[in-house]
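Each chain, letter by letter, is given below.
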Amino acid sequence: MSPSWSRTTVATVAAATALALLAACGGGGDGAGGDGGPVTITYWGWTKGTEQTVRAFNATHRDIKVKYEEIPSGNAGGYAKISNAVKAGDAPDLVSIEYPSLPEFVSQGALQDISGYLTAGLKKKLLPQALELTTLGGRNWAVPFDAAPQTYYYRKDFFRAHHLTVPRTWKEFRATAAAAKKADPRARIGTFFPDDPTTFEAMAWQAGGRWFATRGDAWKVATDDPATKKVTAYWQGLLDDGLVNSATSFSPAWTGALKKGDTVGYLGASWGAGVLKGLVPDQSGKWAAAPIPSWDGKPAGGMLGGSTWAVTKGSEHAAAAVRFATWMSTSPQAVKARLSSGESSAYPAAAPLRPVAAKAFDTRFYGGQDVYRLFDGAAAAIEPHWTWGPAGGTTHTALKDAFGKAADGDGTLADAVRAARDATVRELHRRGLKVAGR
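Note that the structure is predicted; figures quoted are calculated from it, not measured.

### Section: the packing of aromatic side chains
The geometry of an aromatic ring pair is captured by two quantities: the separation of the ring centres and the angle between the planes. If you walk through the whole model with that rule in mind, you get 39 aromatic pairs. When the centroid spacing of 6.1 Å and the interplanar angle of 45° are considered together, the rings of Phe-192 and Trp-235 count as tilted. Highlighted residues: Phe-192 in strand E9 (residues 191-192) and Trp-235 in helix H10 (residues 226-240), separated in sequence by 43 residues. Trp-235 shares its class with Phe-192; the two are buried. One Lys or Arg, Lys-277, reaches over the ring of Phe-361 and ends 4.2 Å from the middle of that ring. Seen from the ring of Phe-145, Arg-338 lies directly overhead, with NZ or CZ sitting 4.7 Å from the centre.

Okay, structure coming up:
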């Protein structure tokens, strides 16, 4: 991520930092409560296995206790709940925020600068791309938890029965999609999710897109760069030719297609391994994972989601919150507890935890395949220097709305990308931020 933001954004961040320092100073220390008892921190999140993780922490720590509240996932209402709580002055101490949404919360002054709590030793353990995405204006704003490298899941029994080869390139993916449809007119090896722009964004990221950057004191918005145009045209062609499904992500329609065998491939991320296992447990042993196809056949990818832990502006227990967050991100006990739910296949950003996660994840659904070894290669191949913009919510909402129309035949994906660009530029201007060339 670019180490510099526009002057206006940096000023906003500086104001947030000042408030954070005042709040931390007023906390009276995080080692114990005012009566000598443990400090109690509140935490809001939604990622699978979190409840088990919090229980494990509370059972093994006496000086800090965590009160956990599960909220809807970010784009399903969780982020709005967090924002409203910060504005009202009754936000929790710690919140889950995905990488794409972190810059927006920072630019709005909703989070504390936690640079002083992140040691050099901790930073060395983390996937560089994940640390880069949580470092804005040269400051650390969250503790990375997991990376979410793109991964392709496929029904190996279907591919074997119809003599299909797992595609290594996007050219091969199209050819395989056509062959699968010819073999079974209902079968599709992938889905375009009109409600989930992060999947499309990961494709643009993988192709070398650079949607946001700073130029002097202005933001550069380049959602119409050549890489994105290539991805847009490619997926429009797949939709036009009926080679992929179009369904709301994880909806009854999409899940039903999985169960019936009409959907035999899923373009997802590392966390999707646990999701699939939970959705179609009766298909155990029939699925496998593979690297995401790339344009030239060489390893390359983006990230589809991924979680961080951030301390809110009003928290008086920043040190305790960061200590708990660091434990969740770096403790073997934490990752074992999280994966004990059976629904999580989180890929830790902290390298020492990956063997622990691999051992804890039950691979029987994938026929014993070492999916974490695959994730290792996918994570290493994540394209560096991708930057999320300070108005991610506007960008995502505009894409989602326009993708839905395009999937129904009202407009094109290119129209959707242009609409998102225009909406983003308007929002940046509304916030008083300069936009290069516009």
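Read on for the rest.
### Quick notes on the nonpolar core
It is characteristic of soluble globular proteins that their nonpolar side chains tend to be buried jointly. Counting residues in hydrophobic clusters, the biggest one holds 113 residues, and the most contacted among them are Tyr-43, Leu-94, Tyr-153, Phe-173, Trp-235, Phe-324 and Tyr-366. For this core, the leading source of residues is helix H13 (residues 318-330), giving 8 residues. Counting 18 residues, the second largest nonpolar core, distinct from the first, contains Trp-44, Trp-46, Ile-71 and Ile-97.

### A few points about the sheet that holds strand E13 (residues 265-269)
Here we have 3 strands laid out as an open sheet, ordered E13-E8-E14, and antiparallel in their pairing. Of all the strands in the sheet, the pair left with one neighbour each is E13 and strand E14 (287-291). Averaged over all pairs of adjacent strands, the angle between their axes in this sheet comes to 30°, without regard to strand direction. Where strand E8 (residues 150-155) lies against E13, 5 bridges are found, and the strand directions are antiparallel. In the strand pairing of E13, Tyr-154 is matched with Gly-265. Sheet strands touched by helix H12 (residues 272-279): E8, E13 and E14. Its angle to E13, the strand with the most contacts, is close to 135°.

Thresholds applied
- Residues numbered from 1 in each chain as written.
- Predicted model: local features only at pLDDT ≥ 70, side-chain atom pairs only at ≥ 80, totals over all residues.
- Heavy atoms only, no water.
- Phe/Tyr/Trp six-rings, centres within 6.5 Å; stacked < 30°, edge-to-face > 60°.
- Helix = DSSP H or I, 4+ residues; strand = E, 2+ residues; numbered from the N terminus.
- Buried < 20%, exposed > 50% of the residue type's maximum accessible area, 1.4 Å probe, protein only.
- Lys NZ or Arg CZ within 6 Å of the ring centre and 35° of its normal.
- Core = buried A, V, L, I, M, F, W, Y, C linked by side-chain atoms within 4.5 Å.
- Pairing = 2+ DSSP bridges.
- Axes fitted to C-alpha atoms, helices over the stretch in contact; angles between N-to-C directions.
- Contact = heavy atoms within 4.5 Å.

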